[in-house]
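Structural description and commentary
So you can see what is in the structure, the chains are spelled out below.
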Amino acid sequence: PRLLSQFFFADERVTRVVAEINGLDAELDPQQYLVLLNQLHLSQAHLLAVLERIMEECIPTQRHSRDYLVKFPEELLVDNLGNHMLFAAECLLAGTFLDMEESDGAQLRPQARNLLCSLELVRTVLREQSLSQPNSYPEPVRTVLIQFDRLFAEFELSYVSSLVSVKSPDEIYRQQEIIVLFCETVERALHLGYLTQEMIDGYEPLLMFTIPRLAIISGLLIYPEGPLSLERSPEEMSRVFSPFYNLLKKIRDLLRVLSAEELCLLERSLCTAE
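Residues numbered from 1 in each chain as written. Predicted model: local features only at pLDDT ≥ 70, side-chain atom pairs only at ≥ 80, totals over all residues. Heavy atoms only, no water.

- With an unreviewed UniProt entry as reference, the protein is termed LST2 protein, source organism Erythrocercus mccallii.

In structure tokens:
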């Protein structure tokens with residue numbers, strides 16, 4: 001059950017697979033080479049998972065901030081992102097630039113080198129600690145973990161930023177505005193009886209259509225200074241709504257001529273229409 005013991009055996013598996021790969025002629029046995037590469041990927045992922053748990057136990061209050069993750073596209077936020085970063089660092093150090101300009105890859109190589117060197121140091125220190133005192137984390141162990149955590153975060157942000165367009169602070173704020181609008185829309189719909197708490201608790205599929213429809217009305221009439229404010233230019237709006245700027249203006253103009261009773265009837269119909 002001790003994490004350092006788990007790390008020792010996870011590290012042993014990685015070392016063993018690397019030794020097998022180094023002793024294999026890939027051209028003579030390409031199929032076995034692919035099998036070993038897959039084993040290496042899985043064993044490294046397990047090693048990083050154990051290391052993550054060790055850092056949470058050893059340096060929980062000294063972890064490097066991961067707030068930058070909110071800037072990443074959602075499709076990148078997968079469970080094995082860390083393993084992808086490790087693979088990318090190894091490729092960069094080997095001179096292979098995956099899906100990026102050679103100049104960008106050259107700039108990232110020093111960071112990749114520092115990260116991989118730090119990982120090797122962590123592996124050495126944790127192996128020694130697991131064989132001597134597997135129940136404690138002395139200061140030298142904490143120091144190398146803090147350094148590795150920082151280097152990993154810095155490389156992750158730099159690498160992803162070189163591949164995709166990360167969200168700007170303004171885009172993040174606009175996204176948060178939409179979240180607030182949807183929350184206020186749900187609260188208002190519950191208060192007016194358009195929705196029930198049971199529908200929300202039961203993940204009623206109809207809500208996927210109902211809440212965005214109600215949010216458009218709320219954003220145009222009830223909270224006109226929010227993310228659907230048409231006083232802004234399309235460029236200042238969230239990319240979720242900016243392509244529909246002219247359509248939203250037409251909808252707002254139509255909504256403004258409705259009486260309170262007609263608006264209530266419209267909103268109720270939006271909660272039932274498919």
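Points about the overall build of the protein
- Tallying secondary structure elements over the protein gives 10 helices and 0 strands in all.
- Taken from N to C terminus, the helices and strands of the protein fall in the order α-α-α-α-α-α-α-α-α-α.
- Here the C-alpha atoms of the protein give a radius of gyration of 26 Å, more than 25% beyond the 19 Å that 2.2 N^0.38 yields for 274 residues.
- If you line up the protein on its principal axes, its C-alpha atoms span 80 × 45 × 40 Å.
- By the burial criterion, 36% of the 274 residues in the protein qualify as buried.
- In the protein, the proportion of contacts linking residues at least 24 apart, taken out of those at least 6 apart, comes to 71%.
- When the accessible area of the protein is evaluated, it comes to approximately 16,300 Å², of which 56% is carbon and sulfur surface. (Helix = DSSP H or I, 4+ residues; strand = E, 2+ residues; numbered from the N terminus. Rg over C-alpha atoms; globule rule 2.2 N^0.38 Å. Buried < 20%, exposed > 50% of the residue type's maximum accessible area, 1.4 Å probe, protein only. Contact = heavy atoms within 4.5 Å. Areas by Shrake-Rupley, 256 points an atom, 1.4 Å probe, with all protein chains shown as cover.)

Here's the deal with the pattern of salt bridges
- Scanning the entire structure with this criterion turns up 13 salt bridges.
- Where R123 meets E120, a salt bridge forms, and the shortest distance between an N and an O atom there is 3.2 Å. Of the two residues, R123 and E120 are both situated in helix α4 (residues 102-132); the distance of 3 residues between them amounts to about one turn of the helix.
- A salt bridge links E139 to R142; the nearest nitrogen and oxygen atoms lie 3.7 Å apart. Taken as a pair, E139 and R142 lie in helix α5 (residues 139-163) at a separation of 3 residues, close to a single helical turn.
- Look at R142 and you get partly exposed, because its relative accessible area is 23%.
- Residues joined in a network through salt bridges with shared partners are D11, E12, E120, R123 and R127. (Salt bridge = Lys/Arg side-chain N within 4 Å of Asp/Glu carboxyl O.)

So, the packing of aromatic side chains
- Here the structure, examined in full by the defined rule, presents 3 aromatic pairs.
- Relative to F152, the ring of F148 has its centre 5.7 Å away and its plane inclined at 65 degrees; by these criteria the two rings are edge-to-face. Here F152 and F148 lie together in helix α5, a separation of 4 residues that amounts to about one turn.
- Relative accessible area serves as the criterion here: at 9%, F152 is assigned to the buried category.
- An angle of 25 degrees between the planes, with centres 5.6 Å apart, marks the rings of F155 and Y159 as stacked. A residue pair is termed a helical-turn pair when its members lie 3 or 4 positions apart in one helix, as F155 and Y159 do in helix α5 at 4 residues. (Phe/Tyr/Trp six-rings, centres within 6.5 Å; stacked < 30°, edge-to-face > 60°.)

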